[in-house]
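Now for the letters of each chain:
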Amino acid sequence: MKQQEINYWITAMLNRHARVSDLNITVGKSLQVESDGVLVPVDVTPPVTELTPFQSEVFALNLIGGNRRLLRDLVTKGSCDLSYSLDDKVRFRVNIFSQKGCYSSVLRKLETKIPSIQAFNFPDAFGKMAREVNGLILFTGATGTGKTTSMAAILNKINEERPVHIVTLEDPIEYIHPHKKATFNQREMGDDFDTFANGLRAALRQAPKVILVGEIRDRETLEIALTASETGHVVFSTLHTIDAGQTINRILGMFETDEQPQIRNRLADAIRWVVSQRLLPRISGGRVAALEILCTSLRIKDLIINGETEEKTFYNVIRDGSTKDMRTFDQHLLELFETGLITEESAILYASHRSEIKRGMDTVKAARGERTSDIDNLRMEEEEVDPYQRW
């Protein structure tokens, strides 16, 4: 297989289905793409019914292109991350990994158009995040839930409004930001720095006002990010957690018990926002993001410093914090259901507290004049009892 054949496969995979997000090359399967969250096969000429180990390996090696660092990572660590461009028109974030002695490749399609807060209908809180001058702003959620897109929209807002220096540390670079009012320096792991911790440490000497760290993967990176946020920088980063409350607890869990008092106080002072994301299928096709948003407040700081109790939880404070642009997943899911963007089944499936969202949906359906129960002809019948047994 030659490079032209690899690019032909990629082009065919992109053109066969709408809204393609990922390309999947796995031995024993046909060429596959993920469209609207579902893997679907792709037909090419000549046909590929089942990829062979040789085909998948040649595909992977063509993407790597002889890069010694990537080859070393693949052999020693079992996987490697890179970016790949198709004729400078389409860019991909690529992960190549070993499985059962064969190589698999997953290519995440990257959008070339810089997202904006208005175009994606992001909440007003995103505009406030763009105006922060220091502190830590975290975006959380599973891989592929749009964290990078959300942060790119906020950086684009900063780029349009503030003449500041922005340094990004990415793995790999996804959105390429042009220079507008801001000055961008975008650095890619492997080519421009070796680890997020070292890249972040170096960034503190590069006089930025805004720093983006692709992911907080370890305690060292977190500690440097906290230091940066405490010294006049605003730091954006991501974590793989399911909601805002778990994000705070995951950070605290990186430290030993005797370190807890100090880190709780530092975190309470540093945290500005936590946004957790989930992607749901949209009724009209495609997907829509559900967002949980935590904003720092006196009640949030109290929970960080003193911990949660049965009565005081992050969920309850976020639920009651609408005046500070806070909202839970369940509240946003209810809005999406009420506006007809998602189904009742999706709302329940992705909810944090299913009983709570079911009550909310019953209220919405009652206001619409719809039935709130599927039970017909419900009535109570008196059980016949022997009169002598009543006493």
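Note that the structure is a prediction, hence the values are computed from the model and not measured.

Student: Quick question: what am I supposed to make of the sheet that holds strand β1 (residues 20-25) here?
Tutor: Note: strands within a sheet are paired through backbone hydrogen bonds, in either parallel or antiparallel orientation. Pairing within the open sheet is antiparallel, and its six strands lie in the order β3-β2-β1-β6-β5-β4. Lying at the two open borders of the sheet, with one neighbouring strand each, are β3 (38-41) and β4 (79-86). Going across the sheet, the axis of each strand differs from the next one's by a mean of 25°, ignoring polarity. Judged from the four bridges that link them, strand β2 (residues 32-35) and β3 form a sheet pairing that is antiparallel. When the sheet's bridge partners are listed, Q32 is paired in β3 with P41. Against the sheet, helix α2 (residues 53-64) engages β1, β4, β5 (90-99) and β6 (102-110), with an angle of about 50° to β6.

Student: Whenever I open this one, the pairing of β5 confuses me. Can you help?
Tutor: Remark: a regular strand shows side chains that alternate across the two faces of the sheet. Alignment of β4 against β5, held across eight bridges, turns out to be antiparallel. Bridged to L86 within β5 is V90. Linking β4 to β5, which pair antiparallel, is a turn of three residues; within it D87 sits at a positive phi near 55°. Pairing between β5 and β6: nine bridges, direction antiparallel. Paired with R91 across the two strands is L110, which belongs to β6. The loop that links β5 with its antiparallel partner β6 comprises two residues; one of these, K100, has a positive phi angle of about 50°.

Student: Explanation requested: the packing of helix α9 (residues 260-270) against helix α10 (residues 298-306) in the structure shown.
Tutor: The axes of two packed helices give the description: the angle between them and the distance between them. Direction vectors running N to C along α9 and α10 enclose 160°, while the axes themselves pass 8 Å from each other. Compared by their axis directions, α9 and α10 come out roughly antiparallel. Here the hand of the crossing between α9 and α10 comes out right-handed. Here R264, N265, L267 and A268 of α9 come into contact with α10, specifically with K301, L303, I304, I305 and N306. By residue class, the composition of the contact of α9 with α10 is five nonpolar, two polar and two charged.

Student: When you look at the UniProt feature "domain: AAA+ ATPase" (unreviewed entry) in the protein chain in this model, what are you seeing that I'm missing?
Tutor: Residues given the UniProt feature "domain: AAA+ ATPase" (unreviewed entry) here are residues 133-261. Between the C-alpha atoms that bound residues 133-261 there is a distance of 26 Å. The span itself is 36% helix and 22% strand.

Student: Even after reading the chapter, I still don't get the nonpolar core, so can you show me in this structure?
Tutor: One recurring pattern in soluble globular proteins: nonpolar side chains tend to sit buried together. F126, M129, F139, I158 and F236 are the most contacted members of the largest nonpolar core, which totals 65 residues. The residues contacting M129, other than those within four sequence positions of it, are I137, F139, I154, F236, W273 and V275. I6, F59, L70 and L82 belong to the second-largest nonpolar core, a separate cluster that totals 30 residues.

Student: What should I look at first to understand the pattern of salt bridges in this one?
Tutor: Should their charged atoms come close, side chains of opposite charge can pair. Inspection of every chain in the model, using the stated rule, returns 19 salt bridges. Note that D73 is salt-bridged to R69, the shortest N-O span being 3.6 Å. Taken as a pair, D73 and R69 lie in helix α3 (residues 68-77) at a separation of four residues, close to a single helical turn. Since its relative accessible area comes to 14%, D73 is described here as buried. Here K365 and E344 are joined by a salt bridge, their closest N and O atoms 3.2 Å apart. A residue pair is termed long-range when its members are at least 10 positions apart, and K365 in helix α14 (residues 354-368) and E344 in helix α13 (residues 344-350) qualify at 21 residues. For K365, a relative accessible area of 9% translates into the label buried. Given the relative accessible area of 27%, E344 is considered partly exposed.

Student: I would appreciate a short explanation of the domain arrangement of the protein chain in the present structure.
Tutor: Quite often, the size of an interface is put as the accessible area lost when its parts meet. Domain boundaries in the protein chain define domain 1 (3-110) and domain 2 (124-327). With 13 residues of domain 1 at the contact, the number on the domain 2 side is 14 residues. In total, domain 1 and domain 2 occlude about 1000 Å² of area from one another, counting both sides; carbon and sulfur atoms represent 45% of this. Of all residues in domain 1, the largest losses of buried area upon contact with domain 2 belong to R69, R91 and R93, amounting jointly to 41% of the total for that side. The tally of links from domain 1 across to domain 2 stands at two salt bridges. Measuring nitrogen to oxygen at the nearest pair gives 3.9 Å for the salt bridge that ties D191 to R69. Inspection of the region where domain 1 meets domain 2 yields six residue pairs in polar contact (both at pLDDT 80 or more).

Student: Help me understand the side chain of R264, please; the structure alone is not making it clear to me.
Tutor: Relative to the assigned elements, R264 resides in helix α9. Here R264 occupies a buried position and makes no salt bridge, while the nearest side chain of opposite charge, E308, is found at 8.3 Å. One polar contact links the side chain of R264 to the main-chain carbonyl oxygen of I304, over a distance of 2.6 Å. Contact partners of R264, with chain neighbours within four places excluded, come to L252, L303, I304, I305, N306 and G307.

Criteria and cut-off values
Residues numbered from 1 in each chain as written. Predicted model: local features only at pLDDT ≥ 70, side-chain atom pairs only at ≥ 80, totals over all residues. Heavy atoms only, no water. Pairing = 2+ DSSP bridges. Helix = DSSP H or I, 4+ residues; strand = E, 2+ residues; numbered from the N terminus. Axes fitted to C-alpha atoms, helices over the stretch in contact; angles between N-to-C directions. Contact = heavy atoms within 4.5 Å. Parallel < 35°, antiparallel > 145°, perpendicular 65-115°, else oblique. Left-handed = near helix turned anticlockwise from the far one by under 90°. Nonpolar A, V, L, I, M, F, W, Y, C, P; charged D, E, K, R; others polar. UniProt positions renumbered as here; feature names shortened; annotations may be inferred. Core = buried A, V, L, I, M, F, W, Y, C linked by side-chain atoms within 4.5 Å. Buried < 20%, exposed > 50% of the residue type's maximum accessible area, 1.4 Å probe, protein only. Salt bridge = Lys/Arg side-chain N within 4 Å of Asp/Glu carboxyl O. Domains from an automatic or database assignment. Buried area = accessible area lost by both parts, 1.4 Å probe. Polar contact = N/O pair within 3.5 Å; in protein donor to acceptor, adjacent residues only side chain to side chain. Lys, Arg positive; Asp, Glu negative; His and termini not counted.

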